[in-house]
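Descriptive structure summary
Here is how the chains run, residue by residue.
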Amino acid sequence: MDEKQKKRLLWQVPFLVLLIVGTVLIVRQQRNMPYQKYSDFVFGTTFSVIYQCDSDMSHTIKAELLKVDASLSPFNKKSVITAINNNEDVEPDKMFMDVFQLAMDVSRETDGAFDITVAPLVNAWGFGFKNGERPTARQVDSLRQIIGYQKVTVVDGKIHKQDPRMMLDCSAIAKGYGTDVVARLLRNRGVKNFMVEIGGEIVTCGVNKERLPWKVGVIKPTDDSLSVSHELQTILNVTDIAMATSGNYRNFYYQGGKKYAHTIDPKTGYPVQHTILSATVLAKTCALADAYATSFMVMGFDEAQKVLERHPELMAYFIYDDGQGKNAVWFSPSLKDKIAD
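So, how was this worked out
Residues numbered from 1 in each chain as written. Predicted model: local features only at pLDDT ≥ 70, side-chain atom pairs only at ≥ 80, totals over all residues. Heavy atoms only, no water. Helix = DSSP H or I, 4+ residues; strand = E, 2+ residues; numbered from the N terminus. Buried < 20%, exposed > 50% of the residue type's maximum accessible area, 1.4 Å probe, protein only. Contact = heavy atoms within 4.5 Å. Areas by Shrake-Rupley, 256 points an atom, 1.4 Å probe, with all protein chains shown as cover. Salt bridge = Lys/Arg side-chain N within 4 Å of Asp/Glu carboxyl O. Arc of directions from axis to C-beta. Pairing = 2+ DSSP bridges.

Helix and strand counts for the protein chain come out as 9 helices and 14 strands. Taking all 341 residues of the protein chain together, the buried fraction comes to 48%. For the protein chain, the share of sequence-separated contacts (at least 6 apart) that also reach a separation of at least 24 residues comes to 59%. When the accessible surface of the protein chain is totalled, it reaches about 18000 Å², and 53% of it is carbon and sulfur.

Right under this line is the structure:
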């Protein structure tokens, strides 16, 4: 080693030491940074955010969720979607347009199984924001005439409905989108470790307080309209991914000795009668997972598998009735490594 190389090495050593020390300090600071939890209500349900940060972000988080509510909530009388449903001359905001375009994409991919125009039928069956008695066949056929995602388009930046009686309802995608909005906020603020959950729809990143991957349970589907049963079917590792679940085991009612599920098939106008009891979907975004979870409940087992074959980026976990009164499980092969138990 010549003299120049020795001098160069002597100059590099202090920088290397500083780099190592700095890295150790950053890692130690990251480990010592507290995990905070913020829980509240939005979209008619509960939400919870666990995040590692040295400052309280609860007000900022709630402000973002209120923006989503002001855009997409049909229960908010001043929201964008309410104005559209009331046929007011309103220009949708970016949040609404983001969700609308995604909804249209999923509708096309699922041949209309996902349809945000199904609200009148949902209301007629008593599961929407109005309660009613079981509709007659004539009423169902009449309502089907004003249902169809193809009948809603964007014209000059505004939503155009072919029939003014049409109503949009983004409930099957809004919670997932709201979860994505909070996750994006946290990432933009430099938060590396978090879990966002809104009404069961989840986005995770990094590790939990124990420095382990985030784990989320899939609830065993049982007739539980009061939501008091929380027996788990399985536990999934869901770090750095979004997850959403749709099921009929909590939202249903009995009439005339027959059980009616809350998921309505837009094509038939009637509650679905498929064997799938619960559909859990993992995807890049929670809005996407939310929409496809609902779609699979409408499509049924065989058609849902066909969609999954076309979209390998999606992973699904289905709990279904085996036809003999017992629950059976099917999941995407790519999901196997994420099953924790």
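Now that the structure has been shown, the text picks up again.
All right, on to the pattern of salt bridges then. Pairs can form between side chains of opposite charge once their charged atoms are near each other. Enumeration according to the criterion identifies 11 salt bridges in this entry. Aspartate 105 is paired through a salt bridge with arginine 108; the nearest N and O atoms lie 2.5 Å apart. With a gap of 3 residues between them, aspartate 105 and arginine 108 both fall in helix H4 (residues 94-109), about one helical turn apart. Owing to a relative accessible area of 37%, aspartate 105 belongs among the partly exposed residues under this scheme. Accessibility expressed as a relative area gives 48% for arginine 108, which makes it partly exposed.

Within an α-helix, residues lying three or four positions from one another point in the same direction, as the helix has 3.6 residues per turn. Three or more residues of helix H9 (residues 301-310) are buried, namely Phe301, Ala304, Val307 and Leu308. Seen along its axis, H9 keeps its buried residues to an arc of 120°; they face one direction. Across from the buried face of H9, at angles greater than 90 degrees, the exposed residues are Asp302 and Glu309.

All right, on to the pairing of strand S2 (residues 45-52) then. Most of S2 is tucked away, with 6 of its 8 residues classed as buried. One ladder, built from 8 bridges, connects strand S1 (residues 35-42) with S2; its direction is antiparallel. Residue phenylalanine 41 lies in a different strand from S2, and its bridge partner there is threonine 46. Following S1, the chain reverses through 2 residues before pairing antiparallel with S2; phenylalanine 43 in that reversal takes a positive phi of roughly 55°. For S2 and strand S5 (residues 194-198), the ladder comprises 5 bridges, and the chain directions are antiparallel. Paired with phenylalanine 47 across the two strands is isoleucine 198, which belongs to S5.

What follows deals with unusual backbone geometry. Here the phi dihedral of aspartate 156 falls at roughly 55°; this positive angle occurs in a residue that is not glycine. Among the secondary structure elements, aspartate 156 is positioned in the loop between strand S3 (152-155) and strand S4 (158-161). By relative accessible area, aspartate 156 is classed as exposed at 76%. One non-glycine residue, aspartate 240, adopts positive backbone phi at about 60°. Relative to the helices and strands, aspartate 240 resides in the loop between strand S8 (232-237) and strand S9 (242-247). Looking at aspartate 240, the relative accessible area reads 52%, which means it is exposed.

These values are about where atoms sit, not about what they do.
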